[in-house]
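Here's the letter readout for the chains.
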Amino acid sequence: QVQLVESGGGLVQAGGSLRLSCAASGRTFSGYAMGWFRQAPGKERALVAVINLIGGTTYYADSVKGRFTISRDNAKNTLWLQMNSLKPEDTAVYYCAAGSRSNWALYYHAPGYDYWGQGTQVTVSS
């Protein structure tokens, strides 16, 4: 079992920045790929970014590429999402997720993950 808790969301003006964090429980954090997803009202939960077990490989959705950065510190059992140049369309609840499967492609979609946090609200004003 893995427990994930997101924090760092809030209200920010367009063009601003936020840094989200995800604290993971347990002693096997390094055994999971980690992802950030977001869900806006009336929308499907969509991938934001993925990072592999060690942290050397990442993938970003086209909508955030060049603006967001995913990172992890396995020693601290923590995942981060640095969000820069925020746009109103980035407004959503952001979720941290963990997956233990070996096929990288599975992590592009929500069903590929085993554990989820409760989410943190990010609101970007115009």
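For the structure, see preceding data.
Residues numbered from 1 in each chain as written. Predicted model: local features only at pLDDT ≥ 70, side-chain atom pairs only at ≥ 80, totals over all residues. Heavy atoms only, no water.

**Q** Explain the overall build of the protein to me, please; I cannot follow it from the model alone.
**A** Across its full length, the protein holds zero helices and eleven strands. Here the C-alpha radius of gyration of the protein, 13 Å, is about what a compact globule of 126 residues would show, namely 14 Å. The principal-axis extents of the C-alpha atoms in the protein amount to approximately 40 × 25 × 25 Å. Taken over 126 residues, the protein has a buried fraction of 43%. Taking the contacts inside the protein whose residues are at least 6 apart along the sequence as the reference set, 57% of them involve residues at least 24 apart. Total accessible area on the protein is roughly 6500 Å²; 49% of this is exposed by carbon and sulfur atoms. Once the 11 positive and 7 negative side-chain charges of the protein are each reduced to a mean point, those two points are 4 Å apart. (Helix = DSSP H or I, 4+ residues; strand = E, 2+ residues; numbered from the N terminus. Rg over C-alpha atoms; globule rule 2.2 N^0.38 Å. Buried < 20%, exposed > 50% of the residue type's maximum accessible area, 1.4 Å probe, protein only. Contact = heavy atoms within 4.5 Å. Areas by Shrake-Rupley, 256 points an atom, 1.4 Å probe, with all protein chains shown as cover. Lys, Arg positive; Asp, Glu negative; His and termini not counted. Charge placed at Lys NZ, Arg CZ, Asp CG, Glu CD.)

**Q** Before we go on, may I ask you to explain the pairing of strand 4 (residues 33–39) in this structure?
**A** Both faces of the sheet carry side chains from a regular strand, because those side chains alternate between them. Of all seven residues that make up strand 4, six are buried, and the element is covered over most of its length. The sheet contact formed by strand 4 and strand 9 (residues 92–99) spans seven bridges and is antiparallel. Bridged to Gly35 within strand 9 is Ala97. Joining the antiparallel neighbours strand 4 and strand 5 (residues 46–51) is a turn of six residues, in which Gly42 adopts a positive phi near 75°. (Pairing = 2+ DSSP bridges.)

**Q** Help me understand the state of the cysteines, please; the structure alone is not making it clear to me.
**A** Chemically, a disulfide is nothing more than a covalent bond linking the sulfur atoms of two cysteines. Tallied over the entire structure, the rule returns one disulfide. Across the disulfide, Cys22 is cross-linked to Cys96 (sulfur-sulfur distance 2.0 Å). With the S-S dihedral at roughly -75°, the linkage between Cys22 and Cys96 falls on the left-handed side. Here Cys96 lies in strand 9 and Cys22 lies in strand 3 (residues 18–24), a separation of 74 residues in the sequence. Owing to a relative accessible area of 0%, Cys96 belongs among the buried residues under this scheme. (Disulfide = S-S within 2.5 Å.)

**Q** It is not clear to me how the nonpolar core should be interpreted in this structure. Could you clarify?
**A** Across soluble globular proteins, nonpolar side chains show a tendency to be buried alongside one another. One finds Leu4, Met34, Trp36, Leu81, Met83 and Tyr94 to be the most contacted residues of the largest nonpolar core, which totals 30 residues. Of all the elements in the fold, those that place two or more residues in this core are strand 3, strand 4, strand 5, strand 7 (68–73), strand 8 (78–83), strand 9 and strand 11 (120–125). Counting residues in each nonpolar core, the second largest holds seven residues, with Ala33, Phe37, Val50 and Ala97 among its members. (Core = buried A, V, L, I, M, F, W, Y, C linked by side-chain atoms within 4.5 Å.)

**Q** Would you explain the sheet that holds strand 7 in this entry?
**A** Neighbouring strands of a sheet are bound in pairs by backbone hydrogen bonds; such pairs are parallel or else antiparallel. Strand order in the open sheet made by the four strands is 1-3-8-7, with antiparallel pairing throughout. In the strand order of this sheet, the two ends are held by strand 1 (4–7) and strand 7, each with one partner. Direction aside, neighbouring strands of the sheet carry axes that sit 15° apart on average. Note that strand 3 and strand 8 share six bridges and pair antiparallel. Its bridge partner lying in strand 8, Leu20 is registered against Leu81. (Axes fitted to C-alpha atoms, helices over the stretch in contact; angles between N-to-C directions.)

**Q** Would you take a moment to explain the pairing of strand 8 for this structure?
**A** Taken across its six residues, strand 8 has five buried, putting it largely inside the fold. Bridge count between strand 7 and strand 8: six bridges; the pairing is antiparallel. Across the sheet, residue Arg72 finds its bridge partner in strand 8, namely Leu79. From the end of strand 7 to the start of strand 8, which pair antiparallel, there are four residues, and Asn77 there has a positive phi angle of about 55°.

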